Number of protein chains: 2
Amino acid sequence: MSLMNLFRRSSAGSATAARDRLQILLAHERASINGADFLPQLQREILEVIRKYVQVDDQRVQVKLDSDKNLSVLEVNIELPAVTDRRAAR
Amino acid sequence: MSLMNLFRRSSAGSATAARDRLQILLAHERASINGADFLPQLQREILEVIRKYVQVDDQRVQVKLDSDKNLSVLEVNIELPAVTDRRAAR
């Protein structure tokens, strides 16, 4: 299964139609269990970068972090206004 | 299937043992087909952010972009030196 299908499937059935969505997955697999986990800090900086390109409403950002011994997975889901909305808001 | 399992599965069977891996997936689902696709620019800036935290060897970065009408998926795979290697290199 390609990643395209994965994302397509995960967003199927969502209610709203007129919004763009941005999904970010960060996975850090550590060879040593002593490795520092920098994903939470990274997440904040990546959100700052995204804000340069699109308007992000903090209330429409969902962040989930799963961690175990050697693997951390950070999932960030952002709902963006659709392009037509963004133009109307200017 | 959880995302943890997805990443775990995708990295199983890889040859090298002593490296950390960082995988980044960015999916932009556009409500309008006229929406600008900013993932390629975003990718460059995200790599810059990651370089603040870890040493990234350009030769160990794989980037793949899949795009169609309403969905773009950017996949970045980075092999990092394991923590012990990074310490040894200082």
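For the structure itself, look to the data block above.
Residues numbered from 1 in each chain as written. Chains lettered and ligands numbered in written order. Predicted model: local features only at pLDDT ≥ 70, side-chain atom pairs only at ≥ 80, totals over all residues. Heavy atoms only, no water.

Student: Whenever I open this one, the pairing of strand β3 (residues 71-81) of chain A confuses me. Can you help?
Tutor: Side-chain positions along a regular strand alternate between the two faces of the sheet. All names here are of chain A. Here β3 lies mainly inside the structure; nine of its 11 residues are buried. Alignment of strand β2 (residues 61-67) against β3, held across seven bridges, turns out to be antiparallel. Directly across from Asp-66, in β3, lies its bridge partner Val-73. From the end of β2 to the start of β3, which pair antiparallel, there are three residues. (Buried < 20%, exposed > 50% of the residue type's maximum accessible area, 1.4 Å probe, protein only. Helix = DSSP H or I, 4+ residues; strand = E, 2+ residues; numbered from the N terminus. Pairing = 2+ DSSP bridges.)

Student: What am I meant to see in the packing of aromatic side chains here?
Tutor: Two descriptors summarise a pair of aromatic rings, namely the distance from one centre to the other and the angle between the planes of the rings. Evaluation of the coordinates by the stated rule reveals two aromatic pairs over all chains. Both rings, one in Phe-38 of chain A and one in Tyr-53 of chain B, keep their centres 5.8 Å apart while their planes meet at 15°; by these two values the pair is stacked. Here Phe-38 of chain A is found in the loop between β1 (19-29) and α2 (39-53), whereas its partner Tyr-53 of chain B is found in helix α2 (residues 39-53) on a different chain. Phe-38 of chain A gets classed as buried once you look at its relative accessible area, which sits at 6%. (Phe/Tyr/Trp six-rings, centres within 6.5 Å; stacked < 30°, edge-to-face > 60°.)

Student: What exactly am I supposed to notice about the sheet that holds β1 of chain A here?
Tutor: Hydrogen bonds between backbone atoms are what pair the strands of a sheet, whose relative direction is either parallel or antiparallel. Here six strands make up an open sheet; going across it, the order is β2(A)-β3(A)-β1(A)-β1(B)-β3(B)-β2(B) and the pairing antiparallel. Of all the strands in the sheet, the pair left with one neighbour each is β2 of chain A together with β2 (61-67) of chain B. Averaged over all neighbouring strand pairs, the angle between strand axes comes to 10°, with direction disregarded. Across the sheet, α2 of chain A lies against β1, β2 and β3 of chain A together with β1 (19-29) of chain B, angled at about 20° from β3 of chain A, the strand it touches most. (Axes fitted to C-alpha atoms, helices over the stretch in contact; angles between N-to-C directions. Contact = heavy atoms within 4.5 Å.)

Student: What should I look at first to understand the nonpolar core in this one?
Tutor: Counting 34 residues, the largest nonpolar core has Ile-50 and Ile-78 of chain A together with Ile-50 and Ile-78 of chain B as its most contacted members. When residues of this core are traced back to their parent elements, those giving at least two are β1, α2 and β3 of chain A together with β1, α2 and β3 (71-81) of chain B. What Ile-50 of chain B contacts, discounting residues up to four positions off in sequence, is Leu-42 of chain A together with Leu-22, Ile-24, Val-56 and Ile-78 of chain B. (Core = buried A, V, L, I, M, F, W, Y, C linked by side-chain atoms within 4.5 Å.)

Student: Explain the environment of Arg-30 of chain A here, please?
Tutor: Residue and element names in this part refer to chain A. Relative to the assigned elements, Arg-30 resides in the loop between β1 and α2. The class of Arg-30 is buried, set by a relative accessible area of 7%. In the structure, Arg-30 is positioned 40 residues away from Asn-70 in sequence and 4.9 Å away in space, judged by C-alpha atoms.

Student: Would you take a moment to explain the pattern of salt bridges for this structure?
Tutor: Where charged atoms of side chains with opposite charge meet at close range, the side chains can pair. Residues and elements named next belong to chain A. Here the structure, examined in full by the defined rule, presents 13 salt bridges over all chains. Between Arg-19 and Glu-79 there is a salt bridge; the shortest N-O distance is 3.6 Å. With Arg-19 in strand β1 and Glu-79 in strand β3, the pair connects residues that are 60 residues apart, well separated along the chain. Here Lys-64 makes a salt bridge to Asp-66, at a shortest N to O gap of 4.0 Å. The partly exposed category is assigned to Lys-64, whose relative accessible area is 47%. Asp-66 sits in the partly exposed class, given a relative accessible area of 26%. (Salt bridge = Lys/Arg side-chain N within 4 Å of Asp/Glu carboxyl O.)

Student: Please clarify how the side chain of Ser-72 of chain A should be interpreted in this entry.
Tutor: All names here are of chain A. By the secondary structure assignment, Ser-72 is in strand β3. Within the structure, the side chain of Ser-72 is placed 3.0 Å from the side chain of Arg-30, a separation counted as a polar contact. Only 3.1 Å separates the side chain of Ser-72 from the side chain of Ser-67, close enough to count as a polar contact. Non-local contacts of Ser-72, meaning those with residues more than four positions away in its chain, are made with Leu-26, Ala-27, His-28, Arg-30, Asp-37, Leu-39, Asp-66 and Ser-67. (Polar contact = N/O pair within 3.5 Å; in protein donor to acceptor, adjacent residues only side chain to side chain.)

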